[in-house]
Amino acid sequence: MISFYLNGRMQHVDAEPHLSVLDLLRERLNQTGTKEGCASGDCGACTVAIGEVDADGRLHYHSANACIMPAHQLSGRHLVTVEGISHGDELHPCQAAMVEHHGSQCGFCTPGIVMSLFTLHEHQRQQPAPLTPQRLEAALGGNLCRCTGYRPIRDAALAMHDTPGFRPAWLDDLSLADALATDVGGPGATPDQRNVASRGAETANASGFYQPRSLADLVALRQRFPEARLVAGGTDLWLEVTQQLKDLPQVIDVTRVAELLTVESAADDLGRSGVWIGAAVTYSRLEPLFAEHYPAFAHLLHRLGSGQVRNRGTLGGNVANASPIGDTPPVLLALDARLRLTGPGGSRTLAASEFFLGYRDTALGDDEVLEAIFLPHLAGDQQLKVWKLSKRREDDISAVLGAFSWRLVGGRLADVRLAFGGMAAIPARATGAEAALEGKPADSASLGAVSEALAQDFTPMSDVRGSSEYRQDAAAALLERLLLVIASSAQGAAQDATSPDPSSTDARDHSDTLATEVMLHAYAH
C-alpha cells in the first residue's frame, strides 16, 4: 500500500514493485494529463513535481520523470501533476504565461514543460533570485519541444512571475507540510515512529517493495532477499522495466536510509581531509558542494543529465551500477576516492580503483551495500579537469570521458592521474600514459610519448556510440588538450608575474595566450 498526497489529497493505492509513477497516474488513477514520450527519462513529457519536507519542516518541490520513478517512492510525498495546479478555466501563472506567449501547439509536451516551469516558479517564490539564462537552461533542459520551438517557452518562463493566475490552496496549507513531515519514517518522525517504520519495512510490505530507514535494516533486508534489486533514483534500473519490459518482484529502496543521505566533512581512513557523501545523496544536492570544492566535477553534472535526472539520480547509484561509460567513476579514479562498503560483518573501505573488477562486476559482496564515497579535498596546487565527449552536448551518454588530476612542480608534471570511461570494460586509469607524463614538462615531446603509451593502455571496443579507432583518437586528443591547457596556464601565469606593458610584444603574446586558454576551456564542461 502506497500512501501519498496527489494534488493536495491523500491517496492509498496498492501497487506492484515495478510500477512507475507514470503508469500509476494513467492506468490506476485516470490522471492522463501526464504523457509518455520516450519512457527513458530523456524527453520530459512525463515531468511531474514531487514535494518533500526538509529537516527544517519546509516543503520543497522538484521536477522528476514519472516514467522512471518507482511508484512506491511516492510514500509520504506530495505528487503534483498538471491537473492539480489549475481550477477550471483558472490557470496557474506558468500555464497562463504559456498561453499568452504561444508556448504550445500540439500540446503533447506541454504538460511536462508546465510542470518544470511550476517547480521553477516555486523555487523563485521561496528563494527569489535573478532568472538567468543558465537557470532557465537548467530548469527546461530536460524538456523536448517537438513543434513550437523554445523561444516562446523561454518568453513564458521569463514572464510567469509577473503573470496573474490561480494558486492552489494546498500551496499555502501548512498542515500539508506538517502531515508530510510526520510521515512514518519521514524527517519529522519521532524515534518511536522510526522504529515502527523499520519493522514495517521488513514485514508489512507484502508487495515486495521495501523501504528501510536505517543502514542496519538495509543490510538485514539485503541478507534476507539476496535476489532483490536495490534502487535509488531509478534513472538506470527502471529502464529495465520500460525498455525491456521486465518485472521486478523484489525491490529494496535505499532513498530513506538515514546514513546514506548524509554529507559530512571528515578524514578518510588514510587521514586525508575531504567529504564523505552518502550513497543515496542526489546530484542536485551535490551541486553546491562540487561548485565550491570541485568546479570541474560540478560542470560535469550539468552534462550528466537533465534537472529531472539530477533531482533523482545519485552518485552512489552511478558508482554501484559499474557501467564502463558511467560519468562519475573516472572522476573518482582521478581524485583517488575511497568507498565504504557495509555488510553483516561490518564496514570496509577500499580505493575506487579496487572496486571495479570487470564489466558490471564490482568488489561489492552479495550481502554488502555501498554506504558512502569519500572525495579528498584538492591540494592547494592540485588541478582537476573533466571532459566528456558525446553525440549530444546535453543529457547524453558518454562515448569517451576523461578525468585528469595533476600538480605542476618547477614546470614539470607530478602526481599525474589520468582516468577514462568508455575505453575499457571498466572505468580505468591510463597507467602507462601517467608514467610517460610523470616528471615531464607539458610540451610536444611529452605529447608524443603519452600518445604512444595510451595506445598500449587501452584497446577500446566499437559500438553505436563510437568505433574503437574513434575512441582511441578521441582519448589521445583529450590528452593533447590537457597538455595545451597546462602549458597555456603556466605561460599565462609567468606573463602575469612580469606584468608587461600593454603596448609591448610581450603583452600581445599574453593576449594570445589568454585567447588560446579561452578556446581550450570552451568545451571543458
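This one's a predicted model, so the numbers in the text were calculated from it and none came from an experiment.

**Q** For this particular structure, what's the right way to read the pattern of salt bridges?
**A** Where charged atoms of side chains with opposite charge meet at close range, the side chains can pair. This structure, assessed with the given rule, holds 23 salt bridges. Between D336 and R272 there is a salt bridge, with its nearest N and O atoms 3.3 Å apart. Taken together, the positions of D336 in the loop between α14 (329-335) and β11 (338-343) and R272 in the loop between β9 (263-267) and β10 (273-278) put the pair 64 residues apart, joining distant regions of the chain. The closest approach of N and O atoms between R471 and D463, which form a salt bridge, is 3.0 Å. By relative accessible area, R471 is classed as buried at 1%. Each of E122, R125, R167 and D172 takes part in salt bridges that share partners, so that together they form one network.

**Q** Looking at this structure, I do not really get the nonpolar core. What am I missing?
**A** In globular proteins that are soluble, nonpolar side chains generally tend to be buried together. The biggest cluster of nonpolar side chains holds 83 residues, and the ones touching the most others in it are F290, L375 and F420. The element that contributes the greatest number of residues to this core is helix α17 (residues 468-498), accounting for eight residues. By size, the runner-up hydrophobic cluster in this structure holds 33 residues, among which are C109, I113, V114 and M115.

**Q** It is not clear to me how the side chain of Q95 should be interpreted in this structure. Could you clarify?
**A** When you line up the elements, Q95 lands in helix α2 (residues 93-100). Among residues more than four places away in sequence, those in contact with Q95 are V82, I85, S86 and V114.

**Q** I keep staring at the sheet that holds strand β17 (residues 400-409) and nothing clicks. Help me out?
**A** Two strands in a sheet stick together by hydrogen bonds in their backbones, pointing the same way (parallel) or opposite ways (antiparallel). What the four strands build is an open sheet, ordered β16-β17-β18-β19; its pairing is antiparallel. The outermost strands of the open sheet, each flanked by one partner alone, are β16 (382-389) and β19 (428-429). The strands touched by helix α11 (residues 295-304) within the sheet are β16 and β17, with β16 carrying the most contacts at an inclination of about 15°.

**Q** What should I look at first to understand the packing of aromatic side chains in this one?
**A** To describe a pair of aromatic rings, you give the distance between the ring centres and the angle between the ring planes. Applying the stated criterion to the full structure yields 11 aromatic pairs. On the numbers, 5.8 Å between centres and 80° between planes, the contact of F420 with F458 is edge-to-face. Taken as a pair, F420 in strand β18 (residues 412-421) and F458 in the loop between α16 (444-457) and α17 lie far apart in primary sequence, 38 residues in all. The same class applies to F420 and to F458, which are both buried. One aromatic cluster is present, formed by W387, F404, F420 and F458 through successive ring pairs. The aromatic ring of W387 is capped on one face by R481, whose charged end is 4.8 Å from the ring centroid.

**Q** Is there a simple way to think about the sheet that holds strand β8 (residues 251-253) in this case?
**A** One open sheet holds the three strands; their spatial order is β6-β8-β7, and the pairing between them is parallel. Strand pairing shows two members of the sheet lacking a second neighbour, β6 (209-210) and β7 (229-231), which therefore form its edges. The pairing of β6 with β8 spans two bridges and is parallel. Across the sheet, residue Y210 finds its bridge partner in β8, namely I252. Along the sheet, helix α8 (residues 215-224) makes contact with β6, β7 and β8, crossing β8 at roughly 170°.

**Q** In this structure, what is going on with the side chain of D268? I would like to understand it.
**A** Within the fold, D268 resides in the loop between β9 and β10. Take D268: its relative accessible area is 7%, and that puts it in the buried class. Looking at D268, its side chain comes within polar contact range of the main-chain nitrogen of G271, at 3.0 Å. At 2.8 Å, the side chain of D268 and the backbone nitrogen of R272 are in polar contact. Leave out the neighbours within four places in its chain, and D268 touches W276, R338 and F374.

What counts as what
Residues numbered from 1 in each chain as written. Predicted model: local features only at pLDDT ≥ 70, side-chain atom pairs only at ≥ 80, totals over all residues. Heavy atoms only, no water. Salt bridge = Lys/Arg side-chain N within 4 Å of Asp/Glu carboxyl O. Helix = DSSP H or I, 4+ residues; strand = E, 2+ residues; numbered from the N terminus. Buried < 20%, exposed > 50% of the residue type's maximum accessible area, 1.4 Å probe, protein only. Core = buried A, V, L, I, M, F, W, Y, C linked by side-chain atoms within 4.5 Å. Contact = heavy atoms within 4.5 Å. Pairing = 2+ DSSP bridges. Axes fitted to C-alpha atoms, helices over the stretch in contact; angles between N-to-C directions. Phe/Tyr/Trp six-rings, centres within 6.5 Å; stacked < 30°, edge-to-face > 60°. Lys NZ or Arg CZ within 6 Å of the ring centre and 35° of its normal. Polar contact = N/O pair within 3.5 Å; in protein donor to acceptor, adjacent residues only side chain to side chain.

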